[in-house]
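Structural features, examined
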Amino acid sequence: MNKEEKKKNQAEFAKIDSLISTYKKGIAAHTFKENEELTVITVDLSKIDIYKDCSSETLLNDAIYEFAEDMFSSYSDAEKVSFSFVFPEGMKDEEKQKIKDIFHIHYGSKYKAAKIRLRKQMILSLIFVFIGFILLSLHLIYTTYNADSIYGEIIEIFAWVFIWEAAEALFVNSIDNRSDLNLFSALYLADLK
């Protein structure tokens, strides 16, 4: 890639913020409103199948969740979100409330699962560090008496693999899991109108 192409690419990347702002104010203006504290996302349910196939009206269509997550995580700068549902004409109030309840329960369940996954990851990381420490201790004891043995090196490799996996889980994977936890928390705590 030559210098001219790099400059052209950098100029294109510099436009991203203005493109997103134009998108929010133009194309998505009827579904997305935001201020510093709150993002209001309008979810139009009037033209889609609301319920997931084969669910006997107990699960919402995945497209609803995908839309909610995409709009909030991709375009929102606010920490809080509110959803304004547009229901089909003639829908009874009981069914409207049922849809809101299913939406709310879905993100409660997702939040709970993400929290459990994060806790399991922490526990597993601590176990891996402990196993790695024990293996390193065994390596030191073993190599003291058998300095030329290849088995001592194998023990050391296993020890560092456990420690590496613990570090990866704590410092790399936990970032994604915390991000999911924050997303599901915001969506669970969202005001549903």
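What counts and how
- Residues numbered from 1 in each chain as written.
- Predicted model: local features only at pLDDT ≥ 70, side-chain atom pairs only at ≥ 80, totals over all residues.
- Heavy atoms only, no water.
- Salt bridge = Lys/Arg side-chain N within 4 Å of Asp/Glu carboxyl O.
- Helix = DSSP H or I, 4+ residues; strand = E, 2+ residues; numbered from the N terminus.
- Buried < 20%, exposed > 50% of the residue type's maximum accessible area, 1.4 Å probe, protein only.
- Contact = heavy atoms within 4.5 Å.
- Phe/Tyr/Trp six-rings, centres within 6.5 Å; stacked < 30°, edge-to-face > 60°.

**Considerations on the pattern of salt bridges**
This model, assessed by the stated rule, comprises 3 salt bridges. Here Asp-62 ties to Lys-52 by a salt bridge, and the two come within 3.3 Å at their closest N and O atoms. On the criterion of sequence distance, the pair formed by Asp-62 in helix α3 (residues 62-75) and Lys-52 in the loop between β2 (38-44) and α3 is long-range, its members being 10 residues apart. A salt bridge links Asp-180 to Arg-117, with the shortest nitrogen-to-oxygen separation between them at 3.6 Å. Remark: Arg-117 occurs in helix α4 (residues 93-145) and Asp-180 occurs in helix α5 (residues 150-188); sequence separation between them is 63 residues. Overall, the relative accessible area of 36% leaves Arg-117 in the partly exposed class.

**Some words on the side chain of Gln-121**
Inspection of the secondary structure puts Gln-121 in helix α4. Gln-121 has contacts with Ala-169, Asn-173, Ser-174 and Asn-177, leaving out every residue within four places of it along the chain.

**Some remarks on the packing of aromatic side chains**
By the definition in use, this model includes 8 aromatic pairs. Between Phe-128 and Phe-162 the ring centres are 5.3 Å apart and the planes differ by 75 degrees, which places this aromatic pair in the edge-to-face class. Of this pair, Phe-128 sits in helix α4 while Phe-162 sits in helix α5, and the two are 34 residues apart along the sequence. Classification of Phe-128 as partly exposed rests on a relative accessible area of 22%. Owing to a relative accessible area of 24%, Phe-162 belongs among the partly exposed residues under this scheme. Counting every residue linked through ring pairs, the aromatic cluster contains Tyr-65, Phe-83, Phe-85, Phe-87, Phe-103, Tyr-107 and Phe-184.

**Structural notes on the environment of Leu-38**
Inspection of the secondary structure assignment puts Leu-38 in strand β2. Remark: the alpha-carbon pair of Leu-38 and Lys-80, spanning 42 residues in sequence, is separated by 4.9 Å. Other than its neighbours up to four places away in sequence, Leu-38 contacts Lys-33, Ala-78, Lys-80, Val-81 and Ser-82.

**Focus on unusual backbone geometry**
Negative phi characterises most residues that are not glycine, and trans characterises most peptide bonds. With phi around 70 degrees, Cys-54 is a residue other than glycine that occupies positive phi space. Along the chain, Cys-54 turns up in the loop between β2 and α3. The phi angle at Glu-57 is positive, at roughly 60 degrees, despite the residue not being glycine. Examined against the element boundaries, Glu-57 turns out to sit in the loop between β2 and α3.

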